[in-house]
Amino acid sequence: MPLALAAALALLPFLTVRAEAMPAGVAQLAEVLGGIHHLRALCGTNEGQLWRNKMIEMMGAVRPSETERQALIKHFNDAYYRYRNAYPNCTSTAATQSDKLMQDGQRLAEELAASGLGR
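Conventions adopted
Residues numbered from 1 in each chain as written. Predicted model: local features only at pLDDT ≥ 70, side-chain atom pairs only at ≥ 80, totals over all residues. Heavy atoms only, no water. Helix = DSSP H or I, 4+ residues; strand = E, 2+ residues; numbered from the N terminus. Buried < 20%, exposed > 50% of the residue type's maximum accessible area, 1.4 Å probe, protein only. Contact = heavy atoms within 4.5 Å. Areas by Shrake-Rupley, 256 points an atom, 1.4 Å probe, with all protein chains shown as cover. Axes fitted to C-alpha atoms, helices over the stretch in contact; angles between N-to-C directions. Parallel < 35°, antiparallel > 145°, perpendicular 65-115°, else oblique. Left-handed = near helix turned anticlockwise from the far one by under 90°. Nonpolar A, V, L, I, M, F, W, Y, C, P; charged D, E, K, R; others polar. Expected span 1.5 Å × (residues − 1). Arc of directions from axis to C-beta. Phe/Tyr/Trp six-rings, centres within 6.5 Å; stacked < 30°, edge-to-face > 60°.

Caption draft 1: The arrangement of the overall build of the protein chain in detail. Summing up its helical and strand segments, the protein chain has 5 helices and 0 strands in all. Counting from the amino terminus, the protein chain carries its helices and strands in the arrangement α-α-α-α-α. Within the protein chain, the proportion of its 119 residues that are buried is 42%. Taking contacts inside the protein chain between residues at least 6 apart in sequence as the whole, the part at least 24 apart equals 81%. Looking at the protein chain as shown, the accessible area adds up to about 6400 Å², and 52% of this sits on carbon and sulfur atoms.

Shown next as structure tokens:
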């Protein structure tokens, strides 16, 4: 599953999105990445900064305005802290939530890549 999401996110650099046309899915994906960043580390996946780096890659691909960039960072950080507060320990519920976020992230990344943004 992590490889599928990472592969779907890898498609995003081929898109060029004008800042004024940024879809809501980009903000949703930022939130998913923030949650995944906490939960995957919490449950010992040893992926380091992978999901934070995927967020940086996504922002490079969509090229948001400075205001949108700050909003995307806020979405990522808010989700990270929300999940950190909700899941301070790796439990079966935390692992299930991580799996759900991975599926949501893969779906969002694929939808954004398939939408033909910027073409």
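Caption draft 2: A look at the packing of helix 3 (residues 50–62) against helix 4 (residues 66–86). Look at helix 3 against helix 4: their axes get within 11 Å of each other, and the N-to-C directions meet at 155°. Between helix 3 and helix 4, the crossing angle belongs to the class labelled roughly antiparallel. Considering how the two elements wind past one another, helix 3 and helix 4 form a crossing that is right-handed. Every residue of helix 4 that contacts helix 3 at Trp51, Arg52, Met55, Met59 and Val62 is listed here: Arg69, Leu72, Ile73 and Phe76. Classifying every residue of the contact of helix 3 with helix 4 gives 7 nonpolar, no polar and 2 charged.

Caption draft 3: Helix 4, seen in detail. Over its 21 residues, helix 4 extends 30 Å from the first C-alpha to the last, a length consistent with the 30 Å expected when each residue adds 1.5 Å. Those residues of helix 4 not exposed but buried are Leu72, Phe76, Ala79 and Tyr83. When helix 4 is viewed along its axis, its buried side chains cluster within an angular range of 65° and face the same direction. In this structure, helix 4 carries Thr67 and Asn85 as exposed residues pointing more than 90 degrees from its buried face. Here the buried face of helix 4 lies against helix 2 (24–42), helix 3 and helix 5 (92–114).

Caption draft 4: Here's a closer look at the packing of aromatic side chains. Evaluation of the coordinates by the stated rule reveals 2 aromatic pairs. Aromatic side chains Tyr80 and Tyr81 sit 5.1 Å apart centroid to centroid with 90° between the ring planes, which places their arrangement in the edge-to-face category. Judged by relative accessible area, which is 40%, Tyr81 ranks as partly exposed.

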